[in-house]
Structures are given as structure tokens and as C-alpha cells.
Amino acid sequence: MIKGKFNSIKNIFLLKNYTIPMKKILCILALLLFITACDDGNLTVDVIDFSEVAAQKCSNKNVIYKVKGAEMLFIEIPASTFTNDQTVDGSPIEVPINSTNKVTYRKYDGNVTSSNICPTVPDATPNLKEEWHATSGTIQITSTAIKSTNATDNSTRISGYTYNIVFKNITFQKPSGPQVYETFTFGNYVMMVNPLAFGFNHEVDKSACSTKIYDFSGGEVFTLDVADYAALFANEVTTTPRTALINSGNKLSYRLYSGTITDAYFCSATIPVTPTLTQQWDAIDGIAATSGIIEVSTTTLGTGFQHTIRLKNVTLKKGNSDFSLGNDYLFGTLITN
């Protein structure tokens, strides 16, 4: 009886030892079959990388492209997508890949140039060998202002914007089948802008219809609007400057128009249709004894008085972008009687 049970256990043990290697063999065979079945060309992964190549824009159409030897990657996208403003950290501009925002990869049989993408009729050579079209995904754009700094007074000016472009969950339809990238870095596209001229002569005037103080230069207007004009510009010689802080009551604005501006523009009962406002930068609120300070020094000038207005550590902002007027900016001199 005992011997029989022993033989049964032995047989089970031998059976288990026999079946374990068989399972391993079956798993290996199944894996080989899977690999063989999938090797039909549809899962071939082609590596394309343009991250180290500078982006350029066609001058005659809204195409941003990169060229690397015989390869080209380009985006067809409205120019209005690239606003002259910074994006907030963590909140890039996002547009879907569709019939308006297109992404295309091309491979040629020789080196390519802008002549293969920008002209209305591109060069016929080299010949196009392969083309991929993006069918879905999102284009993410992060914008950063390019600033220059004046080492003398610490003022800054914006000369352009850098747009970092990344494709998210992009699917390319290529001849051998779809290829998907969770994240594909296109890289930086730089767009320069005309720096604000600030062509003022620093001889300011009080408006004929308000207590606002203006400095005009063509289409540029610098406006200082203070809550207590009479106190800040009293006709009394100062031994120390009178001061005020930029805030909701004391406002400083720079405006740029499409044509020449005069005081009559602002004094009209109805603001004229032209020229049009193209940019407006407003000073951010100041901090006592630190920033955003208006200083007025008054001296005599003949039978009248000359008020010299200086701006200390003032920053102007439009949207998410800003620049500094520096440690000490001469707004101008105002003559009163």
C-alpha cells in the first residue's frame, strides 16, 4: 500500500519535471512565431532627427522648414500662430495637426535647399524619394522673448522671440505604414521684431484737454497720467524731488500707432478710426523705495518753472512680455507758468 503511493508520487514528480522544459520550449516557439508574423514591414521604425538643425521660414509663404542633407521636415502653419508675446510657463500654444496646420517629412535622392520648398514652383531636382504626412497629433509652441541689456543703465529691449516647437502624439503616415512619436522635438524657430524706437526728444507737454502729460514722436506716444497733478507739478522750486509710485492712480503708458499722433487725437470727442493702435505697453505697479518711482524736480526757467521728470526702475508690460526702462530714465521736461 505504502509502496504504491510512493510510486504514484514518483510518477507525478517525473511528469512535472518532464512538462517544465516543454513549456519553455513552447514559449520560445510562440515568441519566434510572433516575431516572424510581425516582420511584414509595417513595424519598421525609421529614425528622423532634426533637433540640431536651425529652422528657417520661407519669405513668401507660411512654411517653417529644416533641411539636413537629403532630408527635409517642414510645417505649414498660419503666421498668426506665432504671437509677439511670451507664453506662460507650463502653458504653451497648442494647435492640432490638421488641414490648416500640416507637418511633412521628405527624403530626396540628393541634397536639398530652400529652392525645393519656398518657390511657387520648387526646383525639380533632386528627386523626391519618400514623403510622410502627419495625420494627427498636436503642435506645442513655447515662446520666449529675446532681450538685449544696456550695461550702463540696466535697461532692456525686446528684439525678437524664440519659439520652441514640439510635436506631441504625432502620427506620420509613411509608405510602409504609420509611425507614432509620443514626443518629437522640432526645435527652435527665431523671429526678430523691430525694437521700439523711443525716438522722443524729452520735451513733454500737458494735454490741452486733460492733466495728462504727453511726449509724441511720429506714431509713438508716451503718456503720464497722475492722480494729483497739482501736487506733483506745483510751481515751487524743490530741494529734493517730489515722488509718486506707479499704481492704479498714477499710470504710465507707451503706445505705438500706425501713423503720426498729436494731442488732437486724444482730445477728439470720438477717437479717430486712423491711425490705428498697434502696440500698448503699460508700466507695472511700483514698490515703495524699490521700483516704479516717478521723480519730479522743479527749477525756475525765466518767469516760469521747469519740471524734470525721471522714472526710476520702471518696467513696461504687454501681455506676458516686459522690458525695463533701466535705473534712471528721463521722461522729459515740462514747462509751466
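The written sequence of each chain sets the order in which its residues are numbered from 1. Confidence filtering applies because this is a predicted model: local features only for residues at pLDDT of at least 70, side-chain atom pairs given and counted only at 80 or more, and all residues used for totals across whole chains, interfaces and linings. Note that water and hydrogens are dropped before the side-chain values are worked out from all heavy atoms of the structure.

How would you sum up the overall build of the protein chain? Please name residues and give values.
By the criteria applied, helices consist of DSSP H or I runs no shorter than four residues and strands consist of E runs no shorter than two, each listed in order from the N terminus. A count of helical and extended segments in the protein chain gives 3 helices and 19 strands. Remark: exposure states derive from per-residue accessible area (1.4 Å probe, protein chains only) relative to the maximum for the residue type, with buried under 20%, exposed over 50%, and partly exposed in between. Split into buried and exposed, the 337 residues of the protein chain put 37% on the buried side. In the protein chain, 61% of the contacts between residues at least 6 apart in sequence involve partners at least 24 apart. Per element, the accessible surface of the protein chain, about 18900 Å² overall, is 55% carbon and sulfur. Residues count as neighbours in contact if any of their non-hydrogen atoms are within 4.5 Å of one another. Note on areas: Shrake-Rupley with a 1.4 Å probe; residue coverage comes only from the protein chains shown.

Account for the packing of aromatic side chains, naming residues and giving values.
Two rings from Phe, Tyr or Trp (for Trp, the six-membered ring) form a pair when their centres sit within 6.5 Å of each other. Planes less than 30 degrees apart are called stacked, planes more than 60 degrees apart edge-to-face, and all others tilted. Considering all chains together, one arrives at 30 aromatic pairs under this definition. Look at Phe82 and Tyr163: their rings are 5.0 Å apart centre to centre, the planes differ by 80°, and that puts the pair in the edge-to-face class. You can see Phe82 sitting in the loop between β3 (71-76) and β4 (93-96) and its partner Tyr163 sitting in strand β7 (residues 156-174), a full 81 residues away along the chain. A ring pair is formed by Phe198 and Tyr254, whose centres lie 4.8 Å apart and whose planes are at 10°; its orientation type is stacked.

Lay out the sheet that holds strand β16 (residues 304-312) in plain terms, naming residues and giving numbers.
Backbone-to-backbone hydrogen bonds join strands into a sheet, with any given pair of strands oriented parallel or antiparallel. Only strands that DSSP links by at least two bridges are regarded as paired with each other. In space, the 4 strands of this open sheet follow the order β12-β15-β16-β19, with antiparallel pairing throughout. Two strands lie at the open edges of the sheet, namely β12 (242-245) and β19 (329-336), each paired on one side alone. Direction aside, the axes of adjacent strands within the sheet are offset by 20° on average. Relative to β16, strand β15 (residues 293-301) runs antiparallel, the two being bridged by 9 bridges. Note that in β16 the partner of Thr299 across the bridge is Gln306. Helix axes use the C-alpha atoms of the stretch in contact, all axes being lines fitted to C-alpha atoms, and the angles between their N-to-C directions lie in the range 0 to 180 degrees.

Before we move on, can you summarise the pattern of salt bridges with the specific residues and values?
The rule for a salt bridge is simple: a side-chain nitrogen of Lys or Arg has to be within 4 Å of a carboxyl oxygen of Asp or Glu. Tallied over the full model, the rule gives 6 salt bridges. With a closest N to O distance of 2.7 Å, Arg310 and Asp328 form a salt bridge. Of this pair, Arg310 sits in strand β16 while Asp328 is found in the loop between β18 (321-324) and β19, placing the two residues 18 residues apart along the sequence. A residue is classified by how much of its surface remains accessible, and Asp328, at 34% relative accessible area, is partly exposed.

Before we move on, could you go through the confidence of the model for the protein chain and cite the residues and values that matter?
Think of pLDDT as the predictor's per-residue confidence, scored from 0 to 100. Across the protein chain, the average pLDDT comes to 90, with 87% of residues at 70 or higher. Overall, residues 25-43 carries pLDDT values under 50, and its contacts beyond four positions in sequence, including any with other chains, amount to 4 contacts.

So what's going on with the sheet that holds strand β17 (residues 315-318)? Residues and values would help.
Within the open sheet, the 7 strands sit side by side as β9-β10-β11-β13-β14-β17-β18. Their pairing is antiparallel. Looking at the sheet topology across the chains shown, the edges are occupied by β9 (205-206) and β18. As paired elements, β9 and strand β10 (residues 213-217) share 2 bridges and run antiparallel to each other. Across the sheet, residue Lys206 finds its bridge partner in β10, namely Ile213.

Outline the state of the cysteines, supporting the account with residue identities and numerical values.
A pair of sulfur atoms, both from cysteines and within 2.5 Å, is called a disulfide here. The final tally for this structure, using the stated rule, is 2 disulfides. A disulfide bridge connects Cys58 with Cys118, and the sulfur atoms are separated by 2.1 Å. When the S-S torsion is -80°, as for the bridge of Cys58 with Cys118, the disulfide is left-handed. On the criterion of sequence distance, the pair formed by Cys58 in the loop between β1 (56-57) and β2 (63-68) and Cys118 in the loop between β5 (102-108) and β6 (128-149) is long-range, its members being 60 residues apart. Just as Cys58 is buried, Cys118 falls in that class too. Numbered by position along the chain, the disulfide-linked cysteines of the protein chain connect as 1-2, 3-4.

How would you summarise the environment of Ser217 if you had to cite specific residues and measurements?
Within the secondary structure, Ser217 sits in strand β10. Considering only alpha carbons, one finds Ser217 and Thr262, 45 residues apart in sequence, at a separation of 8.9 Å. Polar contacts, as used here, are pairs of N or O atoms within 3.5 Å; protein pairs need one atom able to donate a hydrogen and one able to accept it. Residues neighboring in sequence count only if both atoms are side-chain atoms. In terms of polar contacts, Ser217 uses its side chain to reach the backbone carbonyl oxygen of Gly199, at 2.8 Å.

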